[in-house]
Amino acid sequence: MKITRIAAYRVELPLHEGSYRWSGGKSVEVFDSTVVRIETDAGLAGHGEICPLGPFYLPAYAAGARTGIAELAPHLLDEDPTKLARLNRRMDAALQGHPYVKSAIDMACWDILGQAAGFPVCELLGGRYGSDFVLYRAISQGEPDEMAKSVAGYRAEGYRRFQLKVGSDVETDIARIRAVSEALEPGDVVVADANTGWLPHEAARVVRGVRDVDIYIEQPCATYEECLSIRRRTDHPFVLDEIIDGIPILLRGHADGAMDVVNIKISKFGGLTKARQARDLCVELGIAMTIEDSWGGDIVTAAIAHLAHSTPPQFLFTATDFNSYVTVSIADGAPQRAGGRLSASSEPGLGVRPRMEVLGEAVFSSER
Ligand code: MG
């Protein structure tokens, strides 16, 4: 099988809540997402999606994704999309770094492989566990009582795991964590995610200020070394996210005992192929995972579902259903949350059928 055409589409994804706010005053109101369509000489077409969390979260931005895909596409025509390891080596040889650019291409090729094989992607990623898996809900940064109210509202919809966006001033963050913890019920799990927003002295005060609260602390500071220093000063379970972008940092973090949980975002690793490699390593090392992406719509949510559903439940801390946060559906067949849980499609491939009327005209196309 050969790739005959690669096209990219730009789509805007507004939020049901109006905006999404996290540390450092950062916020997004409308996400800028890119869908990649890969066509083949076998008549199969696959789709992938990349949606950065704005241009200021990771070293990734939406226009950069599209420029990078246009740069890579001519190198991939005539390649076999079902030979995923080879295809990834080809992408890495043609473009140094820029994992997020490669993510949607890799995702689309997994979609093609699944369709060609007649299996849902989760079966090809190792096999489905159980009938569904657990989700978390991100609680946008706001006043402490607002965040507690938001948690109560999403609990009523079935979520039991919550990620609070903190990472601003110490007193308010402590108040946020306390307000939410007072509203919790047995079995609820809460993560305070600072998204690199604290300096070490601030992180040290927050973790001491909430020492009596049963809460996870996520990515308190910007660097690995700063996070490690906080990790060694607290007995809260500890999650690393932004700095976890490949196998070397997973091995280093494991050797240092730097975390209990890591956040595997598909595009941070460069696609399903490399995220799956990291997932399998974490299972072997005994590290639990949140499996998600930077953001996305129906296609990213489908890809997350396949990777999460093929992860042993003991190691799956949480996953995300981004398509329930946004007001626009870009594909039919995408998984839909039920009671705080999600399930991967049982259709071959990713199981999504893009709504071309929503995607509109391709912003870019490269073909034989
Ligand atoms: Mg995080």
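Residues numbered from 1 in each chain as written. Predicted model: local features only at pLDDT ≥ 70, side-chain atom pairs only at ≥ 80, totals over all residues. Heavy atoms only, no water.

A few words on the nonpolar core. Counting residues in each nonpolar core, the largest one holds 122 residues, and the members touching the most others are Leu 272 and Trp 295. Examining the composition of this core, we find that ten residues originate from one element, helix H3 (residues 99-117), more than from any other. Looking at this core, you find at least three residues from each of domain 1 (3-118 + 354-367) and domain 2 (123-351). Leu 272 has contacts with Asp 106, Met 107, Trp 110, Val 121, Leu 125, Ile 266, Ala 303, Leu 307 and Leu 350, leaving out every residue within four places of it along the chain. Counting six residues, the second-largest nonpolar core is a separate cluster that includes Val 189, Val 191, Val 239 and Phe 317. (Core = buried A, V, L, I, M, F, W, Y, C linked by side-chain atoms within 4.5 Å. Buried < 20%, exposed > 50% of the residue type's maximum accessible area, 1.4 Å probe, protein only. Helix = DSSP H or I, 4+ residues; strand = E, 2+ residues; numbered from the N terminus. Domains from an automatic or database assignment. Contact = heavy atoms within 4.5 Å.)

The coordination sphere of the magnesium ion contains the protein donors Asp 193 (OD), Glu 218 (OE) and Asp 241 (OD), at a distance range of 2.0 to 2.2 Å. Of note, the donors binding the magnesium ion are all from one chain and are spaced D-x24-E-x22-D. One end of the pair, Asp 193, is in strand S9 (residues 189-193); the other, Asp 241, is in the loop between strand S11 (238-240) and helix H9 (247-256), and 48 residues separate them in sequence. Taken individually, Asp 193 and Asp 241 each receive the classification buried, so the pair is uniform in this respect. (Donors = N, O, S within 2.8 Å, 3.2 Å for Na, K, Ca; no water.)

The subject of this paragraph is the side chain of Ser 345. Following the sequence through the fold, Ser 345 ends up in the loop between strand S16 (341-342) and strand S17 (353-354). At 2.9 Å, the side chain of Ser 345 and the backbone nitrogen of Glu 347 are in polar contact. In this view, Ser 345 contacts Pro 120, Arg 128, His 306, Gly 333, Leu 350 and Gly 351; residues no more than four positions away in its chain are not counted. (Polar contact = N/O pair within 3.5 Å; in protein donor to acceptor, adjacent residues only side chain to side chain.)

Along helix H8 (residues 224-231), the positions that sit buried rather than exposed are Tyr 224, Cys 227, Leu 228, Ile 230 and Arg 231. Down the axis of H8, the sector holding all buried residues measures 160°, keeping them to one side. Contact partners of the buried residues in H8: helix H7 (200-209), S11 and H9. (Arc of directions from axis to C-beta.)

This part covers the sheet that holds strand S18 (residues 364-367). Hydrogen bonds between backbone groups are what pair the strands of a sheet, and the pairing can be parallel or antiparallel. The strand order across the open sheet formed by four strands is S5-S4-S1-S18, and the pairing between neighbours is antiparallel. Of all strands in the sheet, those bounded by a partner on one side alone are strand S5 (45-50) and S18. Ignoring strand direction, the axes of neighbouring strands in this sheet form an average angle of 20°. Sheet topology note: the strand S1 (residues 3-14)/strand S4 (residues 30-40) ladder contains eleven bridges and is antiparallel. Bridge pairing links Tyr 9 to Val 35 in S4. (Pairing = 2+ DSSP bridges. Axes fitted to C-alpha atoms, helices over the stretch in contact; angles between N-to-C directions.)

The subject of this paragraph is the packing of helix H2 (residues 84-94) against H3. Running from amino to carboxyl end, H2 crosses H3 at an angle of 160°, the nearest separation of the two axes being 11 Å. Comparing the axis directions of H2 and H3 gives the class roughly antiparallel. Remark: the crossing between H2 and H3 carries right-handed chirality. Two secondary-structure elements touch here, H2 through Leu 84, Leu 87, Asn 88, Met 91 and Asp 92 and H3 through Lys 102, Ile 105, Asp 106, Cys 109, Trp 110 and Leu 113. Of the residues belonging to the contact of H2 with H3, the class tally is seven nonpolar, one polar and three charged. (Parallel < 35°, antiparallel > 145°, perpendicular 65-115°, else oblique. Left-handed = near helix turned anticlockwise from the far one by under 90°. Nonpolar A, V, L, I, M, F, W, Y, C, P; charged D, E, K, R; others polar.)

Let us now look at unusual backbone geometry. Of note in this structure, Asn 195 is not a glycine but carries a positive phi near 50°. Following the sequence through the fold, Asn 195 ends up in the loop between S9 and H7. In this structure, Thr 196 is a non-glycine residue whose phi angle is positive, near 70°. Its location among the elements puts Thr 196 in the loop between S9 and H7.

The domain architecture assigned to the protein chain consists of domain 1 (3-118 + 354-367) and domain 2 (123-351). With centres defined by C-alpha atoms, the gap from domain 1 to domain 2 works out at 22 Å. Listed by partner, the interface residues are 44 residues for domain 1 and 49 residues for domain 2. Together domain 1 and domain 2 conceal approximately 3,700 Å² of surface at their shared face, both sides included; 62% is due to carbon and sulfur atoms. Between domain 1 and domain 2 we count one salt bridge in total. (Buried area = accessible area lost by both parts, 1.4 Å probe. Salt bridge = Lys/Arg side-chain N within 4 Å of Asp/Glu carboxyl O.)

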